[in-house]
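Coordinate analysis (summary)
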Amino acid sequence: MKNRRAGLIAVTVVLALVLLACRPIDRWHPGSPPPDRARYILPPGNYGGLPTTNNSTDQLPLYDGLTPLRGNVTDADIDRYFLPENFKPIGATRDEPTGRSGTTITYDSYGVPHVTGRTRADLAFGAGWVTARDRGLLLQLGRGPARAAVADIPGINAFGLVTSGQSFVPSAATEQLVTDQVGLIKRTYGARGDEMVADMQAEADGMTAYFQTHGNTQPPATVNDVIAVTAFIGSIFGAGGGAEASNAEFLSRLQNHLGADTGRKAWEDAMLFNDPEAPTTLKQTFNYGIFTGGPVTGSAAIDEGSITSLDPTAPASAATPSAAAAPATVSAASAAEPTAAPSPDSPTYPAAGKVPFKQASNFLVVDPQRSATGNTLAVMGPQLGYYYPEIVEQIHLSGPGIEAQGVGIPAAMMYMLIGRTPDYAWSLTSANHDVRDVFVEQLCNPDGSAATRASDHYLYQGVCRSFDAFDAGLLNGTPVRYPVSVHGPVIGTATSNGRPVALTRKRSTFGRDGLNLMALKDMTEGKATSPDRFFDIANEFNFTFNWAYAGRGTTAYFSSGLLPRRAPGLDRRLPTLGTGQYEWNGFLNEWEHPHGTGTPDGLLLNWNNQSAPGFMHGDDDPYGSVHRVELFNQFPRRVTLANDVSVMNRAATEDVRAPVWPVISQVLHGGHAPSPLAAQVVSMLDDWVRRDAPVLDADNSGQYDEAGPTVMNALWNPIADAVMRPVFGDQTAALDSIRGLGSLSGESYVDKDLRTLLNGPVQGKFNLRYCGLGSLDACRASLWAVVDQVASGLAATQGPDPTVWQSPARRSGFTPGLIPDQFRLTNRPTFQQVIELASPRFGHGSDQPDHGSGGHGSDQPDHGSGGHGSDQPDHGGRGHRS
């Protein structure tokens, strides 16, 4: 069976490459202006319906084909494994009849629709038509759950409802939350808002026309569908914060078990905020810090083990927090220890814990001054996860004032989410900025009696007010109801210094989801003609994203979000007293956001890392001394497009723990190994990390190509535990739950503590010493003991030679399992663009289509050393870990 499957994969790859070879290639001749190069990829394919077609999975062999090349990508490989994004159909075409004379839809051989409209309405109608055709299944699954995202239902993950195929029917009150945004768009943007709403209506008409033409029984599409889908995307990718209650409970827990002083210091270290060693995209400082000014008087304590999450489907009165008071709603995790981050595909989560989110998107943008060709270079895209149907769709739009290609959000396809125009390209990564706050509502009773968790009133501005009741709708037929304060939905109850309180969560973008489309409208219409105009447009996006801009002759970065100005007297990591004394005071202006037109080294690099020094992101998103963005290294002094893609692809198959291993190894090598086997394992890992720690199944055998991943997977968590346990003791599991010893946080703990122990240069040292309680000898002994124990365990099951130890290579499939296809796991964006835009000196105007289907063809030097060329790289080390 294994050989048969390998044969089928091989045939699929060959057929895909033959089809690619049939495409005409525009050749570049030395001495003439180099053409733009623009390519993209979206696995498994652009069609997302049932039954599947060839276009459902025809991009998967290309996406997977790049993986084993690691850092050795050539120009020819770029042409082979990415599709042209050059405003032209690929290969054979087919026109899609719509019955509308002003709309033309041409599908190419990869199922990408090229939509042309005589008017804006014609173009938007076509975008709606292809949405219904190619993502009708996603619309069917997502229209209801998207309303759950608008309503901010506590404990309900709208994204997970869609990916698990669950049903949500909104109430009239929930639908009104969507409808109200239509008027808000018009009031906020005037004539531009009227045009945007007209675009939405025309797109909805296109979806409805497709449904009616093809006998689809889905209800007619509406403007509300467009707005709700926008909220759906923002809920999982474009928000941050809201975990303050978990942070505060963890602080109380540590102080109870470790003592007030030691517990506070351990908590400060564990939080990982404001670390001066945290890698940032920009070098310039932007101030949005932990403390809002003055003594901390408005941040509330949460008692250990007291948090009870509200269940909005529990059969309790919707007018009181009592749904959160019943023991049946308490999960074991919330009662015993801090809640770990929930899965982004889970339909529910503990409402008072962390809100699900997804991240792993990245961009590598090279300034013309750093580029070998003098052109802007970029490889960039969002990591959306792997789904069928995929949650975005490739499309090319051509109409009055619009020439753009990229991906759009189904039901909002009139505007590119990420893509390019003739003169610039852009991409987004999740920033997880702090747009959500937890408020602690002091419960009260109108008769003055002592409050309990079941009290249905709270104190605000000196008045004992009743909670409002909100009926959100039906989840799988079960009523969804919950109480709401002036700040937002009740997410649970707790005690604060022994007093019962309700916990509510406020989101700055609540009721404003549709406004975000204006930024995408402006980008699609080609209005980002300069970095300053780009900053203006990106600032229209209230959702929290890092924006990369690759223009002709320039690059730029902006970190967006509707970021509150908080009252003085607060610690942003902790909940805010909801009595009315500590309310938000407006929002940051455009120039207070991290933004810039480049960096001193000519590289704009982001992999969901911190935006800029001094700028705290969400209270649920720590940044320590180690981050995966550091894997974007080994750039040569002059970067080619192949170098840029190579750096990305090598990092995508490099173990993210590799940057920390050298300091662990240094500690170990200071003493003697307890056994020859332990010494051999460490030596093997040293060599593996020197070769960029490949996590790869290059031959598609189902096993990792070498032993490094097997050993590191077995070794890492015990190492991190050994470092932190001397201080955290029986609270180490709680630390693991709230931050994750196997995550970037765990890597940062190990990295900074061991470098401090070795008396190396360390900025922002921890308050406490962890490994060996500050004794290098004790630390070394504990780490060697871990290595020896893990090595002995592996030897017992796999034999005495560690070089042949194996484990199954991780593979990815497509949620929720509608197609069986799998591929080798790679840590790269789902949708990805590869861009080279010629410098303005070559005279490319905004009205000139590019010729990016071939660029530097096979008869040209490939420049393809993959980032390991003859020039010495200036980013070849690991910073403070070199």
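Residues numbered from 1 in each chain as written. Predicted model: local features only at pLDDT ≥ 70, side-chain atom pairs only at ≥ 80, totals over all residues. Heavy atoms only, no water.

Along the protein, the regular secondary structure elements total 20 helices and 28 strands. Per-residue burial over the protein gives 63% buried out of 882 residues. Of the contacts formed within the protein by residues at least 6 apart in sequence, a portion of 74% connects residues at least 24 apart. As presented, the protein carries roughly 29,200 Å² of accessible surface, and 53% of it is formed by carbon and sulfur atoms. (Helix = DSSP H or I, 4+ residues; strand = E, 2+ residues; numbered from the N terminus. Buried < 20%, exposed > 50% of the residue type's maximum accessible area, 1.4 Å probe, protein only. Contact = heavy atoms within 4.5 Å. Areas by Shrake-Rupley, 256 points an atom, 1.4 Å probe, with all protein chains shown as cover.)

Another point: helix 13 (residues 531-538). Residues of helix 13 that are buried include every one of P531, F534, F535, I537 and A538, and no others. When helix 13 is viewed along its axis, its buried side chains cluster within an angular range of 165 degrees and face the same direction. Structurally, helix 13 contributes buried residues whose contacts are with helix 12 (517-524), strand 21 (545-551), strand 22 (554-559) and strand 24 (595-596). (Arc of directions from axis to C-beta.)

Before going further, it helps to examine the sheet that holds strand 9 (residues 376-381). Ordered by their spatial adjacency, 6 strands build an open sheet running 2-1-28-9-8-25, and the pairing between neighbours is antiparallel. Two strands close off the open sheet at either side, each with one partner strand: strand 2 (83-84) and strand 25 (603-606). By the bridge criterion, 5 bridges tie strand 9 to strand 28 (residues 832-837) in an arrangement that is antiparallel. When the sheet's bridge partners are listed, M380 is paired in strand 28 with Q833. Of the strands in this sheet, strand 1 (37-41), strand 8 (362-366), strand 9 and strand 28 touch helix 14 (residues 641-652), which is tilted by about 25 degrees from strand 9. (Pairing = 2+ DSSP bridges. Axes fitted to C-alpha atoms, helices over the stretch in contact; angles between N-to-C directions.)

With that settled, the discussion passes to helix 6 (residues 172-189). Taking 1.5 Å as the rise per residue, helix 6 with 18 residues should run 26 Å; its terminal C-alpha atoms sit 26 Å apart, in good agreement. Where helix 6 is concerned, the buried positions are T174, V178, Q181, V182, L184, I185 and Y189. A positive backbone phi angle near 60 degrees is found at G190, which sits one or two residues after helix 6. (Expected span 1.5 Å × (residues − 1).)

Attention shifts here to the sheet that holds strand 10 (residues 393-399). Strand order in this open sheet of 10 strands is 3-4-5-10-11-12-13-21-22-24, and the pairing throughout is mixed. Single-partner strands in this sheet number two, and they are strand 3 (94-96) and strand 24. Summarising the sheet, strand 10 and strand 11 (residues 402-409) pair through 7 bridges and their orientation is antiparallel. Note on strand 11: the bridge partner recorded for S398 is E403. The strands touched by helix 7 (residues 191-213) are strand 3 and strand 12 (412-420); relative to strand 12, the strand with the most contacts, the crossing angle is about 110 degrees.

Time to look at the state of the cysteines. Summed over the entire model, instances satisfying the criterion amount to 2 disulfides. With its sulfur 2.1 Å from that of its partner, C444 forms a disulfide with C464. Residues C444 and C464 share a disulfide whose torsion about the S-S bond is about 110 degrees; that sign makes it right-handed. Pair noted here: C444 is in strand 14 (residues 436-444) and C464 is in strand 16 (residues 463-466), with a separation of 20 residues, a long-range link. Here C771 engages in a disulfide with C779; their sulfurs sit 2.0 Å apart. Between C771 and C779 the disulfide shows an S-S torsion of about 90 degrees. By sign, it is right-handed. The residues C771 and C779 share a single accessibility class, namely buried. Disulfides within the protein link the bonded cysteines, taken in sequence order, as 1-2, 3-4. (Disulfide = S-S within 2.5 Å.)

With that out of the way, let us pick up the packing of helix 4 (residues 120-151) against helix 6. Two quantities define a packed helix pair, namely the angle between the helix axes and the distance between the axes. Where helix 4 meets helix 6, the closest approach of the two axes is 9 Å, and the angle between their N-to-C directions is 75 degrees. Judged on the interaxial angle alone, helix 6 and helix 4 are roughly perpendicular. Taking contact as the criterion, the partners of R147, V150 and A151 in helix 4 are, on helix 6, T174, E175, L177, V178 and Q181. In the contact of helix 4 with helix 6, the residues fall into 4 nonpolar, 2 polar and 2 charged. (Parallel < 35°, antiparallel > 145°, perpendicular 65-115°, else oblique. Nonpolar A, V, L, I, M, F, W, Y, C, P; charged D, E, K, R; others polar.)

Another point: the confidence of the model for the protein. For the protein, per-residue confidence averages 90 on the pLDDT scale, and 88% of positions sit at 70 or higher. In the predicted structure, residues 1-30 sits below a pLDDT of 50 and forms 42 contacts with residues beyond four places in sequence or in another chain. Low pLDDT, under 50, characterises residues 325-338; the stretch is placed with 26 contacts to residues that sit more than four places away or in other chains. (pLDDT = per-residue confidence, 0-100.)

Counting residues in each nonpolar core, the largest one holds 142 residues, and the members touching the most others are I153, Y482, F534, W547, F632 and V645. Of the residues forming this core, the biggest block, 14 residues, is contributed by helix 4. (Core = buried A, V, L, I, M, F, W, Y, C linked by side-chain atoms within 4.5 Å.)

What follows is about the environment of V178. Along the chain, V178 falls in helix 6. Given the relative accessible area of 0%, V178 is considered buried. Sequence separation between V178 and V150 is 28 residues, and the spatial gap between their C-alpha atoms is 6.9 Å. Leave out the neighbours within four places in its chain, and V178 touches R147, V150, N224, I227 and A228.

Here we come to the pairing of strand 13 (residues 424-430). Most of strand 13 sits inside the fold, with 7 of its 7 residues counted as buried. The alternating pattern of strand 13 places Y424, W426, L428 and S430 and A425, S427 and T429 on opposite faces, both of which are buried. In this sheet, strand 13 lies alongside strand 12 in antiparallel orientation, the contact comprising 2 bridges. Across the sheet, the residue bridging to G419 is W426, located in strand 13. Where strand 12 folds back on strand 13, the antiparallel hairpin that results is connected by 3 residues. As paired elements, strand 13 and strand 21 share 7 bridges and run antiparallel to each other. Note on strand 21: the bridge partner recorded for L428 is W547.

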